[in-house]
Amino acid sequence: SPTGVGAANPNSLSAGASTLLTVTVTPGTNPPSTGLAVTGNLSAIGGSATQQFFDNGTNGDVTAGDNIFSYQTMVGVLTPPGAKTLPVSITDAQSRTGSATISLTVEPPLLPIHTIQGNGNTSSYAATLVKTTGIVTGRKSNGFFIQEPDATMDADPNTSEAVFVFTSSAPPAAAAVGN
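Description of the structure in this document.

Analysis parameters
Residues numbered from 1 in each chain as written. Predicted model: local features only at pLDDT ≥ 70, side-chain atom pairs only at ≥ 80, totals over all residues. Heavy atoms only, no water. Helix = DSSP H or I, 4+ residues; strand = E, 2+ residues; numbered from the N terminus. Buried < 20%, exposed > 50% of the residue type's maximum accessible area, 1.4 Å probe, protein only. Polar contact = N/O pair within 3.5 Å; in protein donor to acceptor, adjacent residues only side chain to side chain. Contact = heavy atoms within 4.5 Å. Phe/Tyr/Trp six-rings, centres within 6.5 Å; stacked < 30°, edge-to-face > 60°. Pairing = 2+ DSSP bridges. Salt bridge = Lys/Arg side-chain N within 4 Å of Asp/Glu carboxyl O. Patch = residues over 30% accessible without salt bridge, like charges linked within 9 Å, V, L, I, M, F, W, Y side chains within 5 Å. Areas by Shrake-Rupley, 256 points an atom, 1.4 Å probe, with all protein chains shown as cover.

## As for unusual backbone geometry
Logical step 1: For the bond running from Asn-9 to Pro-10, omega is 0°, close enough to zero to count as cis.
Logical step 2: For Asn-30, which is not glycine, the phi dihedral falls at a positive 55°.
Logical step 3: Looking at the secondary structure, you find Asn-30 in the loop between strand S3 (18-26) and strand S4 (37-40).
Logical step 4: Classification of Asn-30 as exposed rests on a relative accessible area of 73%.
Logical step 5: Located in the positive-phi region is Asn-59, a residue other than glycine, with phi close to 55°.
Logical step 6: On the secondary structure map, Asn-59 appears in the loop between strand S5 (51-52) and strand S6 (68-74).

Below you can see the structure in the form of structure tokens.
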């Protein structure tokens with residue numbers, strides 16, 4: 001039976017970004033595979049559950065006929081962050097099947113601290129994976145404080161421009177004050 005190895009490039013990206021999905025297929029033997037076809041289930045990233053991949057120099061495929069089946073796609077903007085595994089089916093004209101998976105990670109959105117904190121008693125991002133940047137302003141035994149740079153602060157006095165990052169143990173060395 002045919003077999004395959006899947007990949008995504010890039011394999012770590014934000015929702016709304018584009019990635020090239022590929023499956024490198026090893027044809028079956030005895031008799032040799034003909035009529036190879038690859039179909040992926042992209043529903044985990046907002047795509048079709050029956051997406052055809054191409055080995056004809058189109059849709060992100062670089063070289064026609066090299067048994068590397070490709071599909072250029074965009075991760076849906078509403079795709080939640082986290083690790084995703086996309087199942088792939090491989091078939092040949094001899095009625096044999098194989099499978100592969102494509103792994104990728106959808107990164108959380110990059111948000112300013114004041115957006116994460118919000119202006120109410122509870123953040124609208126509570127229990128949601130988010131990502132931010134800032135300057136480390138203080139360290140504790142179980143985490144560190146980061147603050148928005150002055151140039152990116154908002155004018156709302158009801159939103160905080162700093163946040164405590166809880167690490168449960170000593171923060172990493174990269175979380176040095178000033179970084």
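So much for the structure itself; the text now carries on.
## Let's talk about the side chain of Thr-159
Logical step 1: Mapped onto the secondary structure, Thr-159 falls in the loop between strand S10 (143-147) and strand S11 (162-166).
Logical step 2: Judged by relative accessible area, Thr-159 falls into the buried class, the value being 13%.
Logical step 3: Of the polar contacts made by the side chain of Thr-159, one reaches the side chain of Asp-154; its length is 3.0 Å.
Logical step 4: Separated by 3.1 Å, the side chain of Thr-159 and the backbone oxygen of Asp-156 make a polar contact.
Logical step 5: Sequence-distant contacts of Thr-159, that is, excluding residues within four places in its chain, are made with His-114, Gly-118, Asn-119 and Asp-154.

## Digging into the packing of aromatic side chains
Logical step 1: Evaluated as defined, the whole model comprises three aromatic pairs.
Logical step 2: Residues Phe-53 and Tyr-71 carry aromatic rings whose centres are separated by 6.2 Å and whose planes lie at 45° to one another, so their mutual orientation is tilted. In this pair, Phe-53 is assigned in the loop between S5 and S6 and Tyr-71 in strand S6, connecting sequence segments 18 residues apart.
Logical step 3: The structure contains a cluster of three or more aromatic residues connected by ring pairs, namely Phe-53, Phe-54 and Tyr-71.

## Topic: the sheet that holds strand S2 (residues 12-14)
Logical step 1: The five strands are arranged S2-S8-S7-S4-S5 in an open sheet whose pairing can be described as mixed. Only two strands of the sheet have a single neighbouring strand rather than two, namely S2 and S5.
Logical step 2: Bridge count for S2 against strand S8 (residues 97-107) is three bridges, and the pairing is parallel. When the sheet's bridge partners are listed, Ser-14 is paired in S8 with Glu-107.

## A short note on the pattern of salt bridges
Logical step 1: A complete count under the given rule lists two salt bridges for this structure.
Logical step 2: Arg-96 serves as the salt-bridge partner of Asp-92, at 2.9 Å between the closest nitrogen and oxygen. Of the two residues, Asp-92 and Arg-96, neither departs from the other in class, the shared state being buried.
Logical step 3: We note a salt bridge from Glu-107 to Lys-131, for which the minimum N-O separation is 3.8 Å.

## Observations concerning a nonpolar patch on the surface
Logical step 1: On the surface, Met-74, Val-77 and Leu-78 cluster together to form a nonpolar patch covering roughly 370 Å² of accessible area.
Logical step 2: Residue position: Val-77 is located in the loop between S6 and strand S7 (82-91).
Logical step 3: A residue is classified by how much of its surface remains accessible, and Val-77, at 60% relative accessible area, is exposed.

## Concerning the pairing of S3
Logical step 1: Here strand S1 (residues 3-9) pairs with S3 via seven bridges, running antiparallel. Opposite Thr-3, over in S3, you have Thr-26 as the bridge partner.
Logical step 2: As defined by bridge partners, S3 adjoins S6 across seven bridges and the pair is classed as antiparallel. Directly across from Val-23, in S6, lies its bridge partner Phe-69.

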